[in-house]
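Understanding the architecture of this molecule
Below are the chains, spelled out letter by letter.
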Amino acid sequence: MLGSHLVQTCLGEDLEHKQRRRIPAPDGVGSVRTSTVRDPSEGLAGLYWRNFFGPPFIRLFGDRLLSLPPDTVQQLGDGLVLVQPYALPTQAMTPEGDAAEERLITVLGPECFYDFQHHRKPTRLPDLSPP
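All figures in this text were calculated on a predicted structure; none of them were measured in a lab.

This paragraph deals with the environment of Pro130. Checked against the element boundaries, Pro130 lands in the segment after α3 (95–108). The exposure class of Pro130 is exposed, given its relative accessible area of 72%. C-alpha separation for the pair Pro130 and Thr34, spaced 96 residues apart in sequence, amounts to 29 Å.

Okay, structure coming up:
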């Protein structure tokens, strides 16, 4: 993970749920799958069970990271911060897990995450250019 901008750990269903969505097919018959965000340069699809943020995301969130509940954030050193909205990966996509994730997203800044209600990409993005 050293040197990474972002590492996220989760169940496959949670990854698929947040990174892909169905839209009507261009020809009007059926639907096609499309990405919510393709990679970290487009922002974040959401929070997962474990989110390891490197320097670009630490800069993006700034002091908001310090405002997270202490049991959800951990400074790991070497420019890494762990954000974990819930204790177990199986809590993803449950009402409790969704509520925990939403609370943290509200603190970190909803503009940094995909807006599933309005199907909009994040408007605040990390600077991933080399230092």
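Turning our attention to the packing of aromatic side chains. The tally for this structure, following the rule as stated, stands at five aromatic pairs. Ring centres 5.2 Å apart and planes at 75° place the aromatic pair Phe53 and Phe61 in the edge-to-face group. Phe61 gets classed as buried once you look at its relative accessible area, which sits at 2%. Site record: aromatic cluster; members linked through ring pairs are Phe53, Phe57, Phe61 and Phe113.

Sheet topology places strand β2 (residues 20–24) next to strand β3 (residues 31–35); five bridges connect them, and they run antiparallel. Looking across to β3, one finds that Pro24 is bridged to Ser31. Linking two consecutive strands that pair antiparallel, namely β2 and β3, is a turn of six residues; a positive phi of about 85° is found at Gly28 within it.

Let us now look at unusual backbone geometry. If you check the backbone angles, Asp78 has positive phi at about 55° while not being a glycine. Positionally, Asp78 belongs in the loop between β5 (73–77) and β6 (80–83). The phi torsion at Met93 lies on the positive side, around 65°, for a residue other than glycine. Secondary-structure assignment places Met93 in the loop between β6 and α3.

Next up on the list: the layout of surface pockets. Looking at the largest pocket, its volume works out to about 420 Å³. Lining of the largest pocket is provided by 20 residues; of these, Glu102, Ile105, Tyr114, Asp115 and Phe116 occupy positions nearest its centre. Of all elements in the fold, only α1 (12–19) and α3 reach the threshold of two or more residues within the lining of the largest pocket. Looking at the lining of the largest pocket residue by residue, the classes come out as eight nonpolar, three polar and nine charged.

How each quantity is defined
- Residues numbered from 1 in each chain as written.
- Predicted model: local features only at pLDDT ≥ 70, side-chain atom pairs only at ≥ 80, totals over all residues.
- Heavy atoms only, no water.
- Helix = DSSP H or I, 4+ residues; strand = E, 2+ residues; numbered from the N terminus.
- Buried < 20%, exposed > 50% of the residue type's maximum accessible area, 1.4 Å probe, protein only.
- Phe/Tyr/Trp six-rings, centres within 6.5 Å; stacked < 30°, edge-to-face > 60°.
- Pairing = 2+ DSSP bridges.
- 1 Å grid on protein atoms, 1.4 Å probe; cavity = no way out; pocket = protein on both sides within 12 Å on 5 of 7 lines; lining within 4 Å.
- Points joined across faces, edges and corners; volume = space filled by probe spheres on them.
- Nonpolar A, V, L, I, M, F, W, Y, C, P; charged D, E, K, R; others polar.

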